[in-house]
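# Residue-level structure breakdown
One-letter residues, chain by chain:
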Amino acid sequence: MGIFTLLETFFVNYGYVAVFVVLIACGMGVPIPEDITLVTGGVIAGLGHANVHVMLVVGMAGVLIGDGLMFAAGRVFGHRILRFRPVARIMTPKRYAQVQEKFDKYGNWVLFVARFLPGLRTPIYISAGISRKISYFRFWLMDGLAASLSVPIWIYMGSYGAENIDWLMEKVRQFQTGVVVLMAIGAGLIVFFWYRRRIRIRFFRDNRLRIRQKLAEMKKRQKANQDKTQHDQ
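Only a predicted model underlies this, so the values are computations on that prediction, with no experimental measurement involved.

This part is about the overall build of the chain. For the chain, the helix and strand inventory stands at 9 helices and 0 strands. Secondary structure elements in the chain, listed N-terminal to C-terminal, are α-α-α-α-α-α-α-α-α. Considering the chain as a whole, with its 233 residues, one finds that 37% of them fall into the buried category. Long-range contacts, defined as pairs at least 24 residues apart, comprise 75% of the intrachain contacts of the chain with a sequence gap of at least 6. Accessible surface, the chain: about 14300 Å² in total, of which carbon and sulfur atoms supply 62%.

As structure tokens, this is what we get:
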């Protein structure tokens, strides 16, 4: 509740600009919960200090620009950005290895999933930029799709529950838990289908080698038979 109270006071005093700045800071790895920031923006709209629909636009802009700055930084500076001390604090060698492993397994869908992984979000976006394998268009597409799901939910939830903060915080916790469960199920399904596809590819590849070997053996036998026939003649 402490961070919520601080954000609420700050947002009431400085309005949309405050929400926008804090969301960009969240995207840059500052340890402020993005979901609580969005919910708080919805709360001040529900209390009449802002328009909830304008708050949604501000929220989307802050989220996407904050994420985009990290992606662009990785893309522009490459591995050199890992030597920058603030980045090095959130992008440890262990975390960088974890992110690379996820890209190898799940491909570009990691960008979509990252929106729901607060601890790995910024490292994933920086790594995506460093790799330079993902275009700006693909990044904005995947991140925008994820944001279009999460941002409206948090802001409108905050607006709806603005008069009952205890109820609202309970719903936020429930929703966070639900998101984690869904992400775990989704990740499990992705791993399952990825592993199943890998086994299928390996099966066809092994069978293709066997077929080639059998065809080669048949050709050898045919040639041997032809040579024998010519010798007998």
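And the narrative resumes.
With 13 residues, helix H2 (residues 34-46) extends 18 Å between its outermost C-alpha atoms, agreeing within 8% with the 18 Å of an ideal straight helix rising 1.5 Å per residue. Buried residues dominate H2, accounting for 12 of its 13 residues. Residues of H2 that are buried: Glu-34, Asp-35, Ile-36, Thr-37, Leu-38, Val-39, Thr-40, Gly-41, Gly-42, Val-43, Ile-44 and Ala-45. Among the residues trailing H2, Gly-48 stands out with phi positive, at a value near 95 degrees.

Moving on, we come to the side chain of Glu-34. Mapped onto the elements, Glu-34 comes out in helix H2. Taking the relative accessible area as the measure of exposure, Glu-34 reaches 7% and is therefore buried. A distance of 3.4 Å separates the side chain of Glu-34 from the side chain of Arg-121, its partner in a polar contact.

Here we take up the packing of helix H3 (residues 52-77) against helix H7 (residues 121-131). Axis angle and axis distance: for two packed helices, these are the angle between their axes and the distance between the axes, and together they describe the pair. Put simply, H3 and H7 touch, their axes get as near as 6 Å, and they point 40 degrees apart. Relative to H7, the element H3 is oriented oblique. As H3 packs across H7, the resulting crossing turns out to be right-handed. Facing H3, whose interface residues are Asp-67, Met-70, Phe-71, Gly-74 and Arg-75, H7 presents Arg-121, Thr-122, Tyr-125, Ile-126, Ala-128, Gly-129 and Ile-130. Grouping the amino acids of the contact of H3 with H7 by side-chain chemistry returns 6 nonpolar, 3 polar and 3 charged.

What follows concerns the nonpolar core. One finds Val-151, Leu-168 and Val-172 to be the most contacted residues of the largest nonpolar core, which totals 32 residues. Listing elements by their share of this core, those giving two or more residues are helix H1 (2-27), H2, H3, helix H8 (136-160) and helix H9 (165-232). Counting residues per element, this core draws most heavily on H1, which supplies 8 residues. Dropping the residues within four chain positions of it, Val-151 is found in contact with Leu-38, Leu-56, Gly-59, Met-60 and Val-63. Counting 25 residues, the second-largest nonpolar core is a separate cluster that includes Ile-90, Tyr-96, Phe-112 and Met-142.

Before going further, it helps to spend a moment on the pattern of salt bridges. Inspection of every chain in the model, using the stated rule, returns 2 salt bridges. Note that Glu-34 is salt-bridged to Arg-121, the shortest N-O span being 3.4 Å. A residue pair is termed long-range when its members are at least 10 positions apart, and Glu-34 in helix H2 and Arg-121 in helix H7 qualify at 87 residues. Judged by relative accessible area, Arg-121 falls into the buried class, the value being 9%. Notably, a salt bridge pairs Glu-170 with Arg-173, separated by 3.2 Å at the nearest N-O pair. Taken together, the positions of Glu-170 and Arg-173, both in helix H9 and 3 residues apart, correspond to about one turn of that helix. Under the relative-accessibility criterion, Glu-170 is labelled partly exposed at 35%.

Conventions and cut-offs
Residues numbered from 1 in each chain as written. Predicted model: local features only at pLDDT ≥ 70, side-chain atom pairs only at ≥ 80, totals over all residues. Heavy atoms only, no water. Helix = DSSP H or I, 4+ residues; strand = E, 2+ residues; numbered from the N terminus. Buried < 20%, exposed > 50% of the residue type's maximum accessible area, 1.4 Å probe, protein only. Contact = heavy atoms within 4.5 Å. Areas by Shrake-Rupley, 256 points an atom, 1.4 Å probe, with all protein chains shown as cover. Expected span 1.5 Å × (residues − 1). Polar contact = N/O pair within 3.5 Å; in protein donor to acceptor, adjacent residues only side chain to side chain. Axes fitted to C-alpha atoms, helices over the stretch in contact; angles between N-to-C directions. Parallel < 35°, antiparallel > 145°, perpendicular 65-115°, else oblique. Left-handed = near helix turned anticlockwise from the far one by under 90°. Nonpolar A, V, L, I, M, F, W, Y, C, P; charged D, E, K, R; others polar. Core = buried A, V, L, I, M, F, W, Y, C linked by side-chain atoms within 4.5 Å. Salt bridge = Lys/Arg side-chain N within 4 Å of Asp/Glu carboxyl O.

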